[in-house]
Amino acid sequence: MLNSYSSADKVLLAVDCIIFGFDNDGLKILLIQRDFEPEKGKWSLIGGFLKRDEVLDAAATRILNTYTGLNDIYMEQLYAYSEIDRDPVERTISVSYFALINIENHNAELIQNYHAEWFPINDAPNLIFDHNEMVQNAIKRLRYKTSVKPIGFELLPEKFTMRQLLELYEAILSKELDKRNFISKINSLEILNKLEEKDMQSSRKGSYLYTFNKEKYEEKLLNNFVLNL
């Protein structure tokens, strides 16, 4: 009968998080070394199972907070993975999320306690199950979104130079951008606040620091603007 639940198959629902970070060495991904079977000792995405009393977004937020200590971060749901044999232990469906965080802001002690480690995105180890596919799909989504909308400010410190912003975009898109064209397009959006303060470490004259203007950015979103890098 259509209203019968008792005879329905039971499956597990997992949430796997692709956590991207950025520092002076470029774009990175946070991975965890499993301390249980199957695939004990191998590297995987950070994840967990959905609880009865939570929705998917809440589960992803809980998992991210457990491993990084952060709450208010950019996070987006990606895809569901339902191959029958994707987990050798139980029939498990996984929903993936990707998150962007500034590496300097995370709780390094928490990450150490969970045997987690940051890896350069182009030098990450092979992952368990279908996690490599999840990462590649997340990178594609991140690159697409970055090419058409200003995204990734969560990866930068609160105050940043234009060069830092350019290097972030080049790291995400995995290509060199024309500096003048990039600066011109970013400035035309009027989503940055230029400060009188300078970063004196970058050059003798120093480089002006900027902050991200979230209110102006949200106004631009309502007008469906396109960055078109």
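Residues numbered from 1 in each chain as written. Predicted model: local features only at pLDDT ≥ 70, side-chain atom pairs only at ≥ 80, totals over all residues. Heavy atoms only, no water.

> Please provide a residue-by-residue account of the overall build of the chain, values included.
If you tally the helices and strands in the chain, you get six helices and ten strands. When the backbone C-alpha atoms are referred to their principal axes, the chain occupies close to 70 × 40 × 30 Å. Looking at the chain as a whole, 42% of its 229 residues qualify as buried. If you take every contact in the chain between residues at least 6 apart in sequence, the share linking residues at least 24 apart comes to 66%. With the model as given, the accessible surface of the chain reaches about 13700 Å², and the carbon-plus-sulfur share is 46%. Distance between charge centroids for the chain: 6 Å, based on 28 positive and 35 negative side chains. (Helix = DSSP H or I, 4+ residues; strand = E, 2+ residues; numbered from the N terminus. Buried < 20%, exposed > 50% of the residue type's maximum accessible area, 1.4 Å probe, protein only. Contact = heavy atoms within 4.5 Å. Areas by Shrake-Rupley, 256 points an atom, 1.4 Å probe, with all protein chains shown as cover. Lys, Arg positive; Asp, Glu negative; His and termini not counted. Charge placed at Lys NZ, Arg CZ, Asp CG, Glu CD.)

> Could you give an account of the packing of aromatic side chains, with specific residues and numbers?
Applying the stated criterion to the full structure yields eight aromatic pairs. Ring geometry for Tyr74 against Phe98: centres 6.0 Å apart, planes inclined by 50 degrees, an arrangement best described as tilted. Here Phe98 lies in strand β6 (residues 92-102) and Tyr74 lies in strand β5 (residues 74-81), a separation of 24 residues in the sequence. On the basis of relative accessible area, Tyr74 is assigned to the partly exposed category, the value being 22%. Ring pairing ties together the aromatic residues Phe153, Phe160, Phe212 and Tyr217, which thus form one cluster. The ring of Tyr208 carries the charged tip of Lys194 above its face, separated from the ring centre by 4.3 Å. (Phe/Tyr/Trp six-rings, centres within 6.5 Å; stacked < 30°, edge-to-face > 60°. Lys NZ or Arg CZ within 6 Å of the ring centre and 35° of its normal.)

> Let's hear about helix α3 (residues 131-148): which residues, and what values?
If you check α3, its first and last C-alpha atoms are 26 Å apart, about what 18 residues at 1.5 Å a residue would give, namely 26 Å. Along α3, the positions that sit buried rather than exposed are His131, Met134, Val135, Asn137, Ala138, Ile139, Leu142, Thr146, Ser147 and Val148. Along its buried surface, α3 packs onto β1 (12-23), β2 (26-33), β3 (43-44), β5, β6 and α4 (162-173). (Expected span 1.5 Å × (residues − 1).)

> Which residues make up unusual backbone geometry, and what values go with them?
For the peptide bond that leads from Glu37 to Pro38, omega is 0 degrees, which places it in the cis range. Following the sequence through the fold, Pro38 ends up in the loop between β2 and β3. Here the phi dihedral of Ser174 falls at roughly 60 degrees; this positive angle occurs in a residue that is not glycine. Within the element layout of this structure, Ser174 appears in the loop between α4 and α5 (179-189). Positive phi outside glycine occurs at Glu190, with the angle close to 60 degrees. Assignment of secondary structure puts Glu190 in the loop between α5 and β9 (192-199).

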